[in-house]
Amino acid sequence: MAAHLKKRVYEEFTKVVQQQEEVATKKLRMTKPSKSAALHIDLCKATSPADALQYLLQFARKPVEAESVEGVVRILLEHYYKENDPSVRLKIASLLGLLSKTAGFSPDCIMDDAINILQNEKSHQVLAQLLDTLLAIGTKLPENQAIQMRLVDVACKHLTDTSHGVRNKCLQLLGNLGSLEKNVTKDAEGLAVRDVQKIIGDYFNDQDPRVRTAAIKAMLQLHERGLKLHQTIYNQACKLLSDDYEQVRSAAVQLIWVVSQLYPESIVPIPSSNEEIRLVDDAFGKICHMVSDGSWMVRVQAAKLLGSMEQVSSHFLEQTLDKKLMSDLRRKRTAHERAKELYSSGEFSSGRKWGDDAPKEEIDTGAVNLIESGACGAFVHGLEDEMYEVRIAAVEALCMLAQSSPSFAEKCLDFLVDMFNDEIEEVRLQSIHTMRKISNNITLREDQLDTVLAVLEDSSRDIREALHELLCCTNVSTKEGIHLALVELLKNLTKYPTDRDSIWKCLKFLGSRHPTLVLPLVPELLSTHPFFDTAEPDMDDPAYIAVLVLIFNAAKTCPTMPALFSDHTFRHYAYLRDSLSHLVPALRLPGRKLVSSGLSPNITPHEDPSHQFLQQSLERVYSLQHLDPQGTQELLEFTIRDLQRLGELQSELAGVADFSATYLRCQLLLIKIMEETYKMEFMYSGVENKSVVDPLFGMCEKFLQEVDFFQRCFIADLPHLQDSFVDRLLDLMPRLMTSKPAEVVKILQAMLRQSTFLHLPLPEQIHKASATIIEPAGESDNPLRFTSGLVVALDVDATLEHVQDPQNTVKVQVLYPDGQAQMIHPKPADFRNPGPGRHRLITQVFLSHTAWTEPCQVEVRLLLAYNSSSRIPKSPWIEGGEMSPQVETGIEGTIPFSKSVKVYIMPKPARR
Amino acid sequence: MPEIRVTPLGAGQDVGRSCILVSIAGKNVMLDCGMHMGFSDDRRFPDFSYITRSGRLTDFLDCVIISHFHLDHCGALPYFSEMVGYDGPIYMTQPTQAICPILLEDYRKIAVDKKGEANFFTSQMIKDCMKKVVAVHLHQTVQVDDELEIKAYYAGHVLGAAMFQIKVGSESVVYTVSGNLGHRKGCLVEEREEAPPHHHILCQGDYNMTPDRHLGAAWIDKCRPSLLITESTYATTIRDSKRCRERDFLKKVHETVERGGKVLIPVFALGRAQELCILLETFWERMDLKAPIYFSTGLTEKANHYYKLFIPWTNQKIRKTFVQRNMFEFKHIKAFDRAFADSPGPMVVFATPGMLHAGQSLQIFRKWAGNEKNMVIMPGYCVQGTVGHKILSGQRKLEMEGRQVVSPHLSLPALWIPLGWVEALGTTTCADGPHTAMLQLEVKMQVEYMSFSAHADAKGIMQLVGQAEPENVLLVHGEAKKMEFLKQKIEQEFRVNCYMPANGETVTLPTSPSIPVGISLGLLKREMAQGLLPDAKKPRLLHGTLIMKDSNFRLVSSEQALKELGLAEHQLRFTCRVHLHDTRKEQEMAMRVYNHLKSVLKDHCVQHLPDGSVTVESILVQAAAHSEDPGTKVLLVSWTYQDEELGSYLTSLLKKGLPQAS
């Protein structure tokens, strides 16, 4: 009975909510007339155009609700007819455009008026604005063919206007609304269909460059909306490439690119000869020519577009890297060619002799073409450009083209390597990244490798790390190359010790990629001697570890290598395999027990023993029938321990293992809670029934509400939860509703005990978000001294793995010894993305505190912010109406996900 | 007949002593006033008597323009202005204005103090000469007088190098002196007709089309001059990418320094020296190197000071970063002291002069030559007979006189040997000076050659010509043989005339004078309104009256012309009779004519009036019976003079007869 009563109350409560909402809507209605009326009054009050303009400006600052838009529009139009001042009319026209964009308002009702006032308007500026308004209306009603036709008609009529602004807008309108199909639908038959392309094409020759640009843009707009452009446009666009105005040329380059993508295989004649070539080749040549345009904006545009022209023939593509050198009319070889020759002749040095670049054979003067209309040398010019924007664009384009053509990749290598010495760091970085992306297609020659490795001394950390990344996936051709790389990396290590991890990782890949090249180097690297035992190297020396990482990774696929190891090497192996398991693979060592048999690369991940182990331990847990306290707890604890260890050993399984372990820990907690509640219930005497039962009523009530709510929200997801606790709970709902609290508790207890684990299907790829703070290293004994009350900047450098959207979620926390905590939100620009799934945070944290007597340590750590509501789809229950207050605001919080680093600081008292 | 006349007094089919006279629409301009470093007699300066024959220089010349501070472009200036006598304005950019007197003074010192020449200009003369200089900004249009205007464009090449556009009324020339258009150097004179017809000449001194570490690339807008005067030093050369050269250079220096060796780089004081400094400075910064870099004091220090000040004339990188740090404020490069040469440990030294023929660079070379760890890098060409040339050609044992090895005309600090000349100079032989007290020096240090030059190559020149779109091109500052090739290429690829006059030879370019005519807005608008869609491809016919008054041309509507001139309007009507064989009645005939015309002239307004006549616009067609032959009808066609076109068309149409009524 009591439950029944409560239910009533609950229903009534919901009613109250609805009433409140009604009140709210009423309020809206009350504001509606006042808004347009106020505007009307204001405009009538206005004595001068300036006044009216002020009122309109004020009005424009506030949003207008969808329902009241029409009223406002009427009033605006009324004033428009009366108004003599063009500036006020202009403002009204622009307001009309803004208003017609209001969501939920259908602007077709004002279109007639707009077209009407357009016909009587004299001022060019107002005309342009009105056309803009029409454009807004037209884009709002994309389905209405008739309206679109009408608008296109209006636009065509005003195309002959003398003002460029009006023509611009007309073209824009045509581009956005021009009909795509030739066939007219029936409702628009009254109006003649116009060939929009032809009309726009006519304005390619307009006297005003702004109009020419608008015409090209309109054409591009048509293309974007899905209209297939005619091939005839190509010739027109080519003529525009020599336009006097840069914006026209820039747009024309785009248009040519579009056409070349539409008709790549068409044949076009070469002027002044009988030959014909493919259109895409011709377009490529023309765009290449624009790479040496006078305006850098055009050059950037052209260089960028080159990258996406993949259908171009390889012959043309390779020309872009060829700038026929000559000196005094004699053919000269480029430095690249000379370097290659020297390399192949076995001599490794260049430029030693004066005149080794002396020109060779004579050139036929007639055959030299100084301005090639073709692609000749386009990238050579682009990469040497004055503006770094152009150089970056050229590097990007080079990258894209090289990815699609291995032979081109081979050829452009020399040029990319040269870019490693650019004066602007951004360009250097970009070219290193580019090289990494195409590194599957290429093998570095020794002299190229030499140049690449020279950059390792760069003082910029980004550059060095990008280079390490590049070396990870580079193919080296000789053992000398490997040796050179190792030597340079070790040099790098001594110069910049902070690069340690990155260098180790780099050597890991270098080793595993080139086992046969490393093999002959092993004795030298380990400095073993055939007869004498050599001194055992220091195990903690990062350089020695680096060498070992290289060798062990090479040994993985080279079974003969371990025979060359000395005793201590095996010991070191065991140590490193344990301490740096992500760098040192499992090896099949002679006479030793196998650490792990995951050696053969043929084994698929599912047959992989470690993976099997994971599966088995999870299955074991899932097979538990009851949440029986003792045995289960132990089993869970052991499994958790196993999984955690597995995660440490097998980096590729770390995500899965950690995830499962955490999940199991949750289960464990649940069991513990139950256990503790039993304790509360049965272990203590003197607990009055009342003090337990009274809150129980409330809790029961609440619980039932929640279950009810839960059921409604997740109705779609319920099938997934079959046979689980939830499923059964829902089955029992009718019974629970009518039961007394005590019974509810009883039923629930029984159910909980019976319920098994939720079998959590593991997704294929689970990655754990993690962060490592590289800097500050926390090893310094010198405190950071600063005057109290002022700030000191602390450089923080961290790598983030598998963090989604780090710009919004990663925060830095500083904990002061007095318990004060400070949260810092790094700027989005502080995050870099060196590779997929990896981010790098380089930021500055400002510390400040009152004066201390002693230096003390502050803790710095990274936090991952989360917002629970962002994960759950919102729509179902927000539309459903009743919002329960605790769900409305999603739970926000942070999880620390890096080890904290201690920084020694000392705020000194300010000196007086 | 208006014309442009160009006479090179120097640099015509030659390198050095750049001096070009341009007459354009009655204005005379002298472009550059340089010296020739190959001569030490009268021939070193241009022959100004060519001008003075016709009177004083000041009377003849309207202005002098100096493109940049290299002595082959400004070396004769004090002689010209103070000794020959010129009081008119001299135009140059600010960096040129700042650096030019330093170089002139240095040049004077060597000529007078070292070689003891008499009758040379004095320090005071240099100062007086500089007083006549007017500084111009980039892209600033300077009105020299009512008609003559000049405008400077960026040329690269060296700090402050500019190309100049010269405009007189309607004619223009562009001249480019040394510039960084890639690797281009040249002179470009152009003339052009523009919408308000203007002839202008674009004059290019040396320029460079590829940017380098401290200068940007030359740039010019599409000014379509009548004549473009361009340098052509590297007319037959296409350069390799600069990146390889830079990389090699840095690698060599780096390696030597790493193994503890010393690097000597002999340079000329200005231009390339700064380029190499920036290159090394940024490299040191990037690689975090500690070895010291030194720069010989004196001229270079002074010049560096100016480089610091003229940031807007440098390239993108320096311009963008100078707020944080001025790139010319070298962190790693310090002034050199004689004593440093003996200090142990690695170092890099820039020392003048560049060919190792005298001075500090030679002294250091002698100290360091014995050690195989050390290295000398020659960044430019060396003239035969110098130590630089010897070691580059592989000589390992040098005989040296006790104090210095000097060949006569190389005693000038080589800074005014612009690097572009180097090829030209290759053929010059110079006798080794008399050797006394021979000393054997064994060269164990490594010798490297590295070429850095800031002139545009053939491709660069073509690129610039393409950018400016001149009507004529004139080549200067290059060898005749090489020019020939470039001339042929330019004529072939741009289809413009190309000239290459020798010194003293005059090129005359006829220009079609373009006469600006003002048109009244009312007339223009009326004509615009009549037209259909604007079509750029078709010429349009416009009716109006041309009024010539006080050398002023105006096109106005005829009504307005009548009003202005106070004349009464007369109407001129043409009438024409067309005989047609037709037996039908007049009305019927008129009806047929009406129908016919209506079907043919769809664009025009054809009306059938109640009195039986037909009008097409203002043309009247009447049908009447022939007085003698009733079978023949006479069509009277009458039109005013204004409708001549339509009227005659109509007549010819009617003469063909009417179509048979179906």
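Look up: the structure comes first, before these words.
About the criteria used
- Residues numbered from 1 in each chain as written.
- Chains lettered and ligands numbered in written order.
- Predicted model: local features only at pLDDT ≥ 70, side-chain atom pairs only at ≥ 80, totals over all residues.
- Heavy atoms only, no water.
- Helix = DSSP H or I, 4+ residues; strand = E, 2+ residues; numbered from the N terminus.
- Buried < 20%, exposed > 50% of the residue type's maximum accessible area, 1.4 Å probe, protein only.
- Areas by Shrake-Rupley, 256 points an atom, 1.4 Å probe, with all protein chains shown as cover.
- Patch = residues over 30% accessible without salt bridge, like charges linked within 9 Å, V, L, I, M, F, W, Y side chains within 5 Å.
- Salt bridge = Lys/Arg side-chain N within 4 Å of Asp/Glu carboxyl O.
- Pairing = 2+ DSSP bridges.
- Axes fitted to C-alpha atoms, helices over the stretch in contact; angles between N-to-C directions.
- Parallel < 35°, antiparallel > 145°, perpendicular 65-115°, else oblique.
- Contact = heavy atoms within 4.5 Å.
- Nonpolar A, V, L, I, M, F, W, Y, C, P; charged D, E, K, R; others polar.
- Polar contact = N/O pair within 3.5 Å; in protein donor to acceptor, adjacent residues only side chain to side chain.
- Core = buried A, V, L, I, M, F, W, Y, C linked by side-chain atoms within 4.5 Å.

### Quick look at the overall build of chain B
- Assigned secondary structure in chain B consists of 19 helices and 31 strands.
- Sorting the 662 residues of chain B into buried and exposed places 58% on the buried side.
- Just so you have it, chain B exposes about 26900 Å², and 52% of that area is on carbon and sulfur atoms.

### Quick notes on a nonpolar patch on the surface
Residue and element names in this part refer to chain B.
- On the surface, Ile 519, Leu 521, Leu 524, Met 528 and Leu 542 cluster together to form a nonpolar patch covering roughly 420 Å² of accessible area.
- Top element by residues in the nonpolar patch is helix 16 (residues 521–530). It accounts for three residues.
- Positionally, Ile 519 belongs in strand 24 (residues 518–519).

### Things to note about the sheet that holds strand 14 (residues 293–295) of chain B
Residue and element names in this part refer to chain B.
- The strand order 15-14-16-13-17-20 describes an open sheet built from six strands, whose pairing is parallel. With partners counted over all chains shown, the strands left at the sheet margins are strand 15 (333–335) and strand 20 (446–449), one partner each. Put simply, the sheet's adjacent strands are angled 25 degrees from each other on average, direction ignored.

### So, the packing of helix 18 (residues 388–404) of chain A against helix 20 (residues 425–438) of chain A
All names here are of chain A.
- Running from N to C, helix 18 and helix 20 point in directions that differ by 0 degrees, and their axes come no closer than 9 Å. Regarding the angle of helix 18 to helix 20, the classification is roughly parallel. Contacts between helix 18 and helix 20 involve Tyr 388, Arg 391, Ile 392, Val 395, Glu 396, Cys 399, Ala 402 and Gln 403 on the former and, on the latter, Glu 426, Val 427, Gln 430, Ser 431, Thr 434, Lys 437 and Ile 438.
- Its residues assigned to classes, the contact of helix 18 with helix 20 shows seven nonpolar, four polar and four charged.

### With respect to the environment of Gln 440 of chain B
All names here are of chain B.
- Summarising the element assignment, Gln 440 is placed in strand 19 (residues 439–442).
- Sequence-wise, Gln 440 and Glu 399 are 41 residues apart; in three dimensions their C-alpha atoms are separated by 4.8 Å.
- With near-sequence residues (within four places) excluded, Gln 440 lies in contact with Lys 397, Leu 398 and Glu 399.

### Points about the environment of Asp 385 of chain A
- When you line up the elements, Asp 385 of chain A lands in the loop between helix 17 (378–383) and helix 18.
- Setting aside residues no more than four positions away along its own chain, Asp 385 of chain A makes contact with Val 291, Arg 299, Val 390 and Arg 391 of chain A together with Pro 211 of chain B.
- Here the side chain of Asp 385 of chain A touches Arg 299 of chain A through a polar contact of 2.7 Å, side chain to side chain.

### Points about the pattern of salt bridges
Residue and element names in this part refer to chain B.
- This model, assessed by the stated rule, comprises 57 salt bridges over all chains.
- Residue Asp 87 is joined to Arg 56 by a salt bridge in which the shortest nitrogen-to-oxygen separation is 3.4 Å. Placement of the pair is Asp 87 in the loop between helix 4 (77–85) and strand 5 (90–93) and Arg 56 in the loop between helix 1 (49–52) and helix 2 (57–60), with a sequence separation of 31 residues.
- Asp 342 is the salt-bridge partner of Lys 367, the closest N and O atoms lying 3.8 Å from each other. With Lys 367 in helix 11 (residues 359–368) and Asp 342 in the loop between strand 15 and strand 16 (347–351), the pair connects residues that are 25 residues apart, well separated along the chain.
- The class of Lys 367 is partly exposed, set by a relative accessible area of 45%.
- Residue Asp 342 is classed as exposed on the basis of its relative accessible area of 55%.

### Quick word on the nonpolar core
- Ranked by internal contacts, the top residues of the largest apolar core, which has 179 residues, are Leu 134, Leu 171, Leu 174 and Ile 200 of chain A.
- It is helix 27 (residues 542–555) of chain A that contributes the most residues to this core, 11 residues altogether.
- Among residues more than four places away in sequence, those in contact with Leu 174 of chain A are Val 152, Ala 155, Cys 156, Leu 159, Val 196, Ile 199, Ile 200, Leu 222 and Arg 225 of chain A.
- One finds Val 22, Leu 31, Cys 74 and Tyr 153 of chain B within the second-largest nonpolar core, a separate group that totals 132 residues.

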